[in-house]
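Spelled out, the chains give:
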Amino acid sequence: VLMNEGVAETLERIGKLGTKKEKIEELSKYQNDFPIKALLDMVYNPRIEFLLPETDPPYKPLEKGHDAQNVLKHDVRKMKYFINTNEGKNLRPFKREQIFIEMLESVDPDDAKLLLQVKNKKLQYKGITKDVVSKAFPGIDNNW
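Fair warning: this is a prediction, and the values are worked out from it, not measured in the lab. Per chain, residues are indexed from 1 in the order of the written sequence. Residue-level local features of this predicted model are given only where pLDDT is at least 70; pairs of side-chain atoms are given and counted only at 80 or more, and the full residue set underlies all totals for whole chains, interfaces and linings. Excluding hydrogens and water, the side-chain figures rest on all heavy atoms present in the structure.

A. Broad picture of the packing of aromatic side chains. A pair of aromatic rings is counted whenever rings of Phe, Tyr or Trp (Trp by its six-membered ring) have centres within 6.5 Å, and the orientation is called stacked for planes under 30 degrees apart, edge-to-face for over 60 and tilted otherwise. As enumerated under the stated definition, the model contains one aromatic pair in all. Aromatic side chains F82 and F100 sit 5.0 Å apart centroid to centroid with 75° between the ring planes, which places their arrangement in the edge-to-face category. Note that F82 is positioned in the loop between helix 4 (71–75) and helix 5 (86–89) and F100 in helix 6 (residues 93–106), a separation of 18 residues in sequence. Here the term buried applies to any residue with accessible area under 20% of the maximum for its type, exposed to any over 50%, and partly exposed to those in between, with areas from a 1.4 Å probe on protein chains only. Taking the relative accessible area as the measure of exposure, F100 reaches 2% and is therefore buried. Here, a charge over a ring means that NZ of Lys or CZ of Arg falls within 6 Å of the ring centre while also lying within 35 degrees of the ring normal. Positioned over the ring face of F34 is R77, at 4.3 Å from the centre of the ring. Secondary structure elements follow DSSP: runs of H or I no shorter than four residues count as helices, runs of E no shorter than two count as strands, and numbering proceeds from the N terminus.

What follows is the structure, encoded as C-alpha cells:
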C-alpha cells in the first residue's frame, strides 16, 4: 500500500499486473481503504444509481503541479450526494451537479477521470472487474 498514491494511480498500477490472481492479491491489501472500496462498490453495485446526467459535465481539471493525491481520499464521502441516498435525493439537481463539478475540479486530474468512470459505471482499468473486486473484498458483493 503506497501512501502518497492517488486512487486512480493505485487502480492503474493494479490493472497493469499480469494475472487475475496478482490483481486480486494486490487489491486485497486495500481492505481498510474506504475510498477504494467505496468507489469500486459504486461501479459494480447494481443497487447504486447515480442521480447525475449521463453526459459528463464541463469542468476545468486541476493544473498539474498541485499535490492533490489525497483530496479524493478525503472527499469520497461527498459521493453520497450523487447517488440514490437520502442525502442525494434531498438535493436539487442543479446543486448536486454543482457539487460534483467542484469535486472534479478539486481532485487530481486522474482522479477526476476516475470519478467520471465511476459515475458512468465503466472502469477503464484493465482487469479490475466485478469478479476481481468481489474476490479481493470478500463480502462486498453482499451489498449487490
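B. Representation of helix 3 (residues 34–44) in the model. Burial of helix 3 is extensive: nine of the 11 residues sit out of reach of the surface. Among the residues making up helix 3, those that are buried are P35, I36, A38, L39, L40, D41, M42, V43 and Y44. Residues of helix 3 that are buried in the fold lie against helix 1 (7–15), helix 2 (20–27), helix 4, helix 7 (109–119) and helix 8 (130–136). In protein, a polar contact requires one atom able to donate a hydrogen and another able to accept it; more generally it is a pair of N or O atoms within 3.5 Å, and residues adjacent in sequence count only if both atoms are side-chain atoms. Its side-chain oxygen 3.1 Å from the backbone nitrogen of I36, D33 forms the N-cap of helix 3. Working rule for contacts: check all heavy atoms of both residues, and any pair within 4.5 Å makes them a contact.

C. The arrangement of the packing of helix 1 against helix 3 in detail. Between helix 1 and helix 3, the least distance of the axes is 10 Å, while the angle of their chain directions is 70°. As summarised for this structure, helix 1 and helix 3 are arranged roughly perpendicular, according to the angle between their axes. Facing V7, T10 and L11 of helix 1, the residues of helix 3 in contact are P35, I36, L39 and L40. Each residue gets one label: Ala, Val, Leu, Ile, Met, Phe, Trp, Tyr, Cys and Pro are nonpolar, Asp, Glu, Lys and Arg are charged, and the others, such as Gly, are polar. Looking at side-chain class alone, the contact of helix 1 with helix 3 contains six nonpolar, one polar and no charged residues. Each axis is a line fitted through C-alpha atoms, taken for helices only over the stretch in contact, and angles between the N-to-C directions span 0 to 180 degrees. Put simply, angles under 35 degrees are roughly parallel, angles over 145 are roughly antiparallel, angles from 65 to 115 are roughly perpendicular, and the rest are oblique.

D. Up close: the side chain of S134. Among the structural elements, S134 can be located in helix 8. For S134, the side chain forms a polar contact with the main-chain oxygen of D131, separated by 3.0 Å. Every residue in contact with S134, bar those within four places of it in the chain, is listed here: I140, D141 and W144.

E. How the structure looks around the environment of K73. The residue K73 is located in helix 4 in this model. Since its relative accessible area comes to 24%, K73 is described here as partly exposed. Along the sequence, K73 and E54 sit 19 residues apart, while their C-alpha atoms lie 24 Å from each other. There is a polar contact of 2.7 Å between the side chain of K73 and the backbone oxygen of E5.

F. Examining the nonpolar core more closely. Think of a nonpolar core as a cluster: buried Ala, Val, Leu, Ile, Met, Phe, Trp, Tyr and Cys residues, connected wherever their side-chain atoms sit within 4.5 Å. Judged by nonpolar contacts, the single largest core of 41 residues is most densely connected at L27, L39, M79 and L114. For this core, the secondary structure elements donating two or more residues are helix 1, helix 2, helix 3, helix 6, helix 7 and helix 8. Among the elements that line this core, the one with the most residues is helix 3, at seven residues. Look past the residues within four positions of L114 in its chain and what remains in contact with it is V7, A8, L11, L39, L72, L123 and Y125.

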